[in-house]
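# Examination of the molecular architecture
Chain by chain, the residues run as shown.
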Amino acid sequence: MRTVAILLLWLCCAPLAQAAQHHLLIVNGIGGIDAYRELFARRSTSLYQAAIAAGIDTDNITLLSEAALPDTTLPHRLSNKSTILQALAEIGARAQPDDRVFIILIGHGNPRDNGAAFNLPGPDITARELAAALSALEKQLVVVVNTASASGPFIEALSGERRIVITATSSGREYYATLFADYFVAAFAEAGADTDKDERVSMLEAFAFARRETQRAYDNEKQLSTEHALLDDNGDGDGSREPGEFAADGALANRV
């Protein structure tokens, strides 16, 4: 009886294991002209609202943008390189092992020194610079989605263990503005991407939905596609256009 009593006391006093937290960093890059500023703002705001609806705590959401965005409760923080690096350091300081960190880049990109860069107010951030900043998140599962033009080289730079990397293009040579972001955001903000009907959208489902709808948009306009999205989640630095649960890439993304 004494042993049972001690066990019950221990169970009552032991802290409950905390569930893994989700941390979301949305970076709205420089638009260049009003049309793109408005487009990127709309995409970022929609993703922010979808995250709130999905139950992510606002304390775990960081939204950086070229200008203040409507329909958000977060104070405006400029999406320049120093603020991005600071935001990643802040997430790294509070994230626990096994937490999930999502980084979504919405904007323009361009080839840069055998790699690529994401365009920001002030100096751009390169794929290598972002990779260096992510080294502080080795204990967390990290998802990076670069929806910009010329984003393909981010696959090789960011690929690693417990990493899911998605890019809107397959190379730095695909440098036209992309449609992929519209449909990637729509995968979470609207219905239609949940193909297995489990009332959740996995990263694999979001990728497949965005890729399919992007191609449909080009087909409807009778245009050749200028973007070919990739997903890498096995750490080999080689993204797949058609990942799947049982394919070379896609198993991890299917579970997240």
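Notes on the structure follow.

Thresholds applied
- Residues numbered from 1 in each chain as written.
- Predicted model: local features only at pLDDT ≥ 70, side-chain atom pairs only at ≥ 80, totals over all residues.
- Heavy atoms only, no water.
- Pairing = 2+ DSSP bridges.
- Helix = DSSP H or I, 4+ residues; strand = E, 2+ residues; numbered from the N terminus.
- Contact = heavy atoms within 4.5 Å.
- Axes fitted to C-alpha atoms, helices over the stretch in contact; angles between N-to-C directions.
- Salt bridge = Lys/Arg side-chain N within 4 Å of Asp/Glu carboxyl O.
- Buried < 20%, exposed > 50% of the residue type's maximum accessible area, 1.4 Å probe, protein only.
- Core = buried A, V, L, I, M, F, W, Y, C linked by side-chain atoms within 4.5 Å.
- Polar contact = N/O pair within 3.5 Å; in protein donor to acceptor, adjacent residues only side chain to side chain.
- Parallel < 35°, antiparallel > 145°, perpendicular 65-115°, else oblique.
- Left-handed = near helix turned anticlockwise from the far one by under 90°.
- Nonpolar A, V, L, I, M, F, W, Y, C, P; charged D, E, K, R; others polar.

## Things to note about the sheet that holds strand 2 (residues 61-65)
Here seven strands make up an open sheet; going across it, the order is 3-2-1-4-8-9-10 and the pairing mixed. Since the sheet does not close on itself, it has two edges, and those belong to strand 3 (77-78) and strand 10 (230-232), each with one partner. Taken together, the six bridges between strand 4 (residues 100-106) and strand 8 (residues 141-146) define a ladder with parallel strand orientation. Paired with Ile104 across the two strands is Val145, which belongs to strand 8. Those strands touched by helix 2 (residues 34-53) are strand 1 (22-28), strand 2 and strand 4, and its axis lies near 170° from that of strand 1.

## Observations concerning the pattern of salt bridges
One pass over the structure, following the stated rule, counts eleven salt bridges. Here Arg112 ties to Asp124 by a salt bridge, and the two come within 2.7 Å at their closest N and O atoms. With a gap of twelve residues between them, Arg112 in strand 5 (residues 109-112) and Asp124 in the loop between strand 6 (115-118) and strand 7 (125-126) connect regions that are remote in the sequence. One salt bridge in this structure joins Glu213 and Arg216, with 3.0 Å as the shortest N-O distance. Here Glu213 pairs with Arg216, and both are found in helix 7 (residues 203-220), just three residues apart, close to one helical turn. Under the relative-accessibility criterion, Arg216 is labelled partly exposed at 40%. One continuous salt-bridge network, built from bridges that share partners, spans Asp34, Arg37 and Glu66.

## A look at helix 6 (residues 180-189)
Those residues of helix 6 lying buried are Phe180, Ala181, Phe184, Val185, Ala186 and Ala187. The elements touched by buried residues of helix 6 are helix 2, strand 4, strand 8, strand 9 (163-167) and helix 7.

## Concerning the environment of Gly31
Following the sequence through the fold, Gly31 ends up in the loop between strand 1 and helix 2. By relative accessible area, which is 4% here, Gly31 ends up buried. Separated by 20 residues in the primary sequence, Gly31 and Ala51 place their C-alpha atoms 23 Å from one another. Each residue touching Gly31, except ones within four places of it in the same chain, is listed here: Tyr36, Arg37, Phe40, Glu66 and His108.

## Looking at the nonpolar core
Ranked by size, the top nonpolar core spans 38 residues in total, and within it Val143, Ile164, Ile166, Phe180, Phe184, Met203 and Val256 carry the most contacts. Residues within four places of Val143 in sequence aside, it is in contact with Val101, Phe102, Ile103, Ile164, Met203 and Val256.

## Considerations on the environment of Lys81
For Lys81, the position within the fold is in helix 3 (residues 81-94). Separated by 95 residues in sequence, Lys81 and Tyr176 have C-alpha atoms that sit 23 Å apart. Non-local contacts of Lys81, meaning those with residues more than four positions away in its chain, are made with Leu120, Pro123, Asp124, Ile125 and Glu129. At a separation of 3.2 Å, a polar atom in the side chain of Lys81 contacts the main-chain carbonyl oxygen of Asp124.

## What about the packing of helix 6 against helix 7?
Two numbers describe how helix 6 lies on helix 7: the axes approach to 8 Å, and their chain directions differ by 135°. Classified by the angle between their axes, helix 6 and helix 7 sit oblique to one another. Considering the relative orientation of helix 6 and helix 7, their crossing is right-handed. Of the residues in helix 7, those in contact with Phe180, Tyr183, Phe184, Ala186, Ala187 and Phe188 of helix 6 are Met203, Ala206, Phe207, Phe209, Ala210, Arg211, Glu213, Thr214 and Ala217. The residue inventory of the contact of helix 6 with helix 7, partitioned by class, reads twelve nonpolar, one polar and two charged.

## As for the packing of helix 2 against helix 6
The interhelical angle for the contact between helix 2 and helix 6, taken along N-to-C directions, is 20°, at an axis separation of 9 Å. Relative to helix 6, helix 2 is oriented roughly parallel. Taken as a pair, helix 2 and helix 6 cross one another with a handedness that is left-handed. Residue-level inspection shows Leu39, Arg43, Ser46, Leu47 and Ala50 of helix 2 in contact with helix 6, the latter providing Ala181, Asp182, Val185, Phe188 and Ala189. Residues of the contact of helix 2 with helix 6, tallied by class, amount to seven nonpolar, one polar and two charged.

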